[in-house]
Amino acid sequence: MKQTIWTLLWRRFWQSKWTLSRLFFSITILISVIVVPVLKGLLYVGQWLDEVPFMSLSNVGQVLMQNPIFTVILVITVLILLTVFISQLASYTIGFSAVHEGQRPTATSVMKTALHRLRQGGVGAWLLILFYGIVVLPFPMLAFHSQLTADLIIPQFVWPTITGTPWMLTLIWALGLAALFFAIRFFYVLPEIMLAEHKAGLAIKNSWRKTSGAQGIKLALTLLAGSILVGLLTLIVFGLTWSAQYIVAWFAPFMVSALTAVVTFTFATLIDIFFGIMSLQFIIGLMARDYQVVQLVDYATKPRHTKRVVGLILMLGALIQGAGPSLFFVVNTVSRPLVTLSHRGVDDGNGVQNTIPAMIDTVSHARPSFVEMDIRQTKDGKWVVMHDPNLAALTKGASDKSVSDLTLAEATKLTVYENGHQAKIPSFEEYARAAERCNVKLLVEIKTERTNASDLADSFLNQFQTTMDKNG
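All values reported here derive from a predicted model rather than from experimental measurement.

Enquirer: Can you walk me through the environment of Asn354 in this structure?
Expert: For Asn354, the location among the structural elements is in the loop between β1 (341-343) and α13 (356-366). Asn354 gets classed as buried once you look at its relative accessible area, which sits at 2%. Sequence-wise, Asn354 and Pro426 are 72 residues apart; in three dimensions their C-alpha atoms are separated by 8.0 Å. Look past the residues within four positions of Asn354 in its chain and what remains in contact with it is Arg344, Glu372, Met373, Asp374, Val385, Met386, His387, Pro426 and Tyr431.

Pasting the structure below:
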């Protein structure tokens, strides 16, 4: 199995690396340079026409009900995005499988063929590919990611809430296992639709049959082995890269290490793309090995100078993608003072979030520019420092109430536990005085509940605006 996987993953990629990369970059740059900016522009136009200042989970219902122009534009934008995403997956399946058969197709011929096959497949094929792409594709695709779905992730700051809530953590695991199961059983739906030209129902049936019993187990083990191999290669390359950067940063002058950081970040971006293409061709190679691949336009028929120009443009685009953000980051770091924030007043689990002992220890050791913290209003209109709406998790079940159900006196009597530490829930007034003694600024986030009054921010400012202004 090792030799087979190595051949599928590395040797076959290396034999067609330039053709695969050219095809990948052509589709990616088309999306990132044209599609994504156009879609964002449509949304900005919709916001301007319908006077929508912003949209988030907190106001999405209100915006959709009260802003019809923006809602129509939003629906159109989402439909275009999903259509392009489906076309992207279809194009990769058509193009990479053709390359594995010795062809050198153009991106134009690949996308035209993919759209033709999608039209033949009908609505069922579109919906099936969409389901596969969003729900299950992230599992077998290893390092593959699309810019179109880059925001479909759970934010890092939400994970502590998920991992600290048993039912949410159980749900995440259940959904993950279900997606992994369907990732295996639906593994062949893309080639069934795009290469065999079958309808959605037959594609599911055939994929289900091909992944039953021992065949499904063998496929799962092959994907696991490929994942491990990609992971090890990634660790080795990135480990060597960051080790070199660390040595330069330790011994070289600041400007030298800053310029080296740009090179390091650029190289890291290119390596990430490199492994993404390798993983993608590995998966599609597994998918398409038993299917008849469509004959596409041969890229070699184009003039040699055209190939060089296209290759140069694509390489330049990749370098800009890698060097641009890192150069911007380094220039801003050099030209501006660095501002650091302590999330919820802790540093590397040195105490209980949003408590005074943790904040004092964090400030004394880490010296952050700001301490970010969360406050909630109590039943009697006072304020305590607390992130979670329900107190059960942090109090270890001592209270199953919300902060808004308790008075200030009741809330501040409770003990909270985290990271092997314990402390009392502080009032905001106590926390602010402690921060003033530590000479650190606060970044205050007001948490809301449905029972809170509409003038929540005004209520806070009436009590503490002088304190906030005094301490900047």
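What follows continues from the structure just given.
Enquirer: Teacher, can you tell me more about the pattern of salt bridges here?
Expert: Opposite charge on two side chains allows them to pair when their charged atoms are near. Taken as a whole and judged by the stated rule, the model has four salt bridges. Glu192 is paired through a salt bridge with Lys210; the nearest N and O atoms lie 3.9 Å apart. Pair noted here: Glu192 is in helix α8 (residues 189-194) and Lys210 is in helix α9 (residues 200-210), with a separation of 18 residues, a long-range link. Comparing Glu192 with Lys210 shows no difference in burial state: the two are buried. Of the charged contacts in the structure, one is a salt bridge between Lys447 and Glu445, with a shortest N-O distance of 2.8 Å. Note on Lys447: relative accessible area 17%, which makes it buried.

Enquirer: Hey, could you run me through the environment of Phe328 in this one?
Expert: In this fold, Phe328 is placed in helix α12 (residues 304-335). For Phe328, a relative accessible area of 58% translates into the label exposed. In sequence terms Phe328 and Val262 are 66 residues apart; their C-alpha atoms lie 9.0 Å from each other.

Each value, and the rule that gives it
- Once a new chain begins, its residue numbering starts again from 1 and follows that chain's sequence as written.
- Confidence filtering applies because this is a predicted model: local features only for residues at pLDDT of at least 70, side-chain atom pairs given and counted only at 80 or more, and all residues used for totals across whole chains, interfaces and linings.
- Where side-chain values are given, they derive from all heavy atoms of the structure, hydrogens and water being excluded.
- Each helix is a run of DSSP H or I of at least 4 residues and each strand a run of E of at least 2, with the numbering of both proceeding from the N terminus.
- Residue burial is assigned from relative accessible area. The probe radius is 1.4 Å, only protein chains are included, and a residue is buried under 20% of its type maximum, exposed over 50%, and partly exposed in between.
- Residues are treated as being in contact if the distance between any of their heavy atoms lies within 4.5 Å.
- Salt bridge, as used here, is a side-chain nitrogen of Lys or Arg placed within 4 Å of a carboxyl oxygen of Asp or Glu.

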